[in-house]
Every structure is written in structure tokens, then in C-alpha cells.
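Listed below, chain by chain, are the residues.
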Amino acid sequence: MDGGDTVDWEALRTETGWVLPADYRDFVAVYGLGAISDSIGVLTPPFAGYPYEDHLLLGVPWPPVDGMLTWASNEAGDDFLWKCVGEPDAWRVVFRPRDRRRDHEFDMGMAEFLLRLVRREVSPPLGAELELPATFESWREEEEGLLDEDGDLEGF
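Residues numbered from 1 in each chain as written. Predicted model: local features only at pLDDT ≥ 70, side-chain atom pairs only at ≥ 80, totals over all residues. Heavy atoms only, no water.

With respect to helix α3 (residues 110–118)
Every buried residue of α3 is listed here: M110, F113, L114 and L117. Relative to the axis of α3, the buried residues are bounded by an arc of 95 degrees and lie together on one face. After α3 finishes, the residue R120 shows a positive phi value of roughly 60 degrees. (Buried < 20%, exposed > 50% of the residue type's maximum accessible area, 1.4 Å probe, protein only. Helix = DSSP H or I, 4+ residues; strand = E, 2+ residues; numbered from the N terminus. Arc of directions from axis to C-beta.)

Next up, the structure:
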């Protein structure tokens with residue numbers, strides 16, 4: 001695994017007003033931007049060398065208008081959010097299915113939720129199958145996989 005991204009959390013707080021949960025900051029430091037089992041894409045704030053335009057806080061003011069912040073989504077269009085109430089370490093996970101008919105709130109933080117999800121201890125109505133055992137692929141590994149032996153994008 002080639003993950004882990006360095007975010008200047010203090011600069012992020014100063015520039016945006018956002019303070020994010022400690023378990024999420026730890027997750028980003030260890031795994032970084034990437035996907036769990038090629039299904040759940042975990043978002044991060046931008047960092048030096050950030051490869052994309054879209055990111056965790058793009059266009060989301062502090063405090064968020066609806067009180068929610070999306071930290072991941074899957075290929076079926078399901079979203080994983082925080083309910084941004086109280087101190088960041090007290091934020092709870094909300095699973096929002098693609099049909100947006102009913103949110104499912106979990107009394108736990110992001111890291112515990114993901115761990116319990118891959119252990120099949122929680123089972124939100126995912127619109128896409130989560131392949132287990134779980135794997136994690138960082139954005140760096142994904143980009144390397146798109147390159148052929150000559151360093152060009154495959155198929156181009």
C-alpha cells in the first residue's frame with residue numbers, strides 16, 4: 001500500500017474554519033485519498049500535489065448549510081457523511097442511499113464505521129457491493145495502474 005497524505009490541518013482550519021475529526025485526520029495520514037475495495041472513494045482536503053480539482057471541502061462553507069459534510073461516496077451514488085453537530089470528534093456518520101429517501105445515522109465516528117462495515121458488523125443498504133476482504137488503493141496506486149510500461153496512459 002502506498003497511501004498516506006500530509007494535510008496542513010492548522011492551515012486548513014485558519015483558511016476555511018473547518019476542524020475535522022481526529023480519527024479522520026489519522027486515516028488520511030495513514031491511507032490518504034483513495035478507495036476501499038474499489039468501491040468507496042474517501043475524500044480529503046487538498047494537499048501539496050493533490051491530483052484533482054474536486055476535494056472534500058470544495059464549495060462547502062463552515063458551518064455547512066445543511067449541517068452535513070460528505071466524506072465518501074460509492075460508485076452507486078450512495079454517500080457517507082458526517083452530521084456536524086458539536087465537537088468534531090463527536091460527529092456521527094450518516095449513510096445516505098442514492099435514492100435519498102431515508103438517511104441512516106450511526107452512533108460512531110468514521111474510522112469505527114469503516115472498520116465495522118468491512119467486518120460486516122454494520123450493514124447500511126449499500127447500492128453497490130463492497131468486496132471483502134477489504135483492500136485500500138491510494139490515488140497514487142490508481143494512477144500507476146493507469147500507466148503502461150512507457151509511462152503513458154493505457155489506451156492512448
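What about unusual backbone geometry?
Following W62, the chain continues into P63 via a peptide bond in cis, with omega recorded as -5 degrees. Its location among the elements puts P63 in the loop between β2 (40–42) and β3 (68–74). Residue P133 is bonded to the preceding L132 through a cis peptide linkage, with omega at 5 degrees. Checked against the element boundaries, P133 lands in the loop between α3 and β7 (136–138). Positioned with a positive phi, S37 is a non-glycine residue whose angle comes to about 50 degrees. Inspection of the secondary structure assignment puts S37 in the loop between β1 (34–36) and β2. Here the phi dihedral of D38 falls at roughly 55 degrees; this positive angle occurs in a residue that is not glycine. Examined against the element boundaries, D38 turns out to sit in the loop between β1 and β2.

Examining the sheet that holds β7
The 7 strands are arranged β6-β5-β4-β3-β2-β1-β7 in an open sheet whose pairing can be described as antiparallel. Lying at the two open borders of the sheet, with one neighbouring strand each, are β6 (104–106) and β7. For this sheet the average axis-to-axis angle between neighbouring strands, irrespective of direction, equals 30 degrees. In this structure, strand β4 (residues 79–83) lies alongside strand β5 (residues 92–96), joined through 5 bridges in antiparallel fashion. If you follow W82 over to β5, its bridge partner there is V93. Contacting β1, β2, β3, β4, β5 and β6, α3 runs over the sheet at an angle of about 25 degrees to β3. (Pairing = 2+ DSSP bridges. Axes fitted to C-alpha atoms, helices over the stretch in contact; angles between N-to-C directions. Contact = heavy atoms within 4.5 Å.)

Looking at the side chain of N74
With respect to the helices and strands, the residue N74 is situated in strand β3. Among the polar contacts listed, one links the side chain of N74 to the backbone nitrogen of A76, at a separation of 3.0 Å. Looking at N74, its side chain comes within polar contact range of the side chain of D78, at 3.0 Å. Beyond its immediate chain neighbours, meaning those up to four positions away, N74 contacts S39, I40, F80, L126, G127 and A128. (Polar contact = N/O pair within 3.5 Å; in protein donor to acceptor, adjacent residues only side chain to side chain.)

Some remarks on the side chain of H55
Take H55: it is sitting in the loop between β2 and β3. Each residue touching H55, except ones within four places of it in the same chain, is listed here: T44, P45, P46 and Y50.

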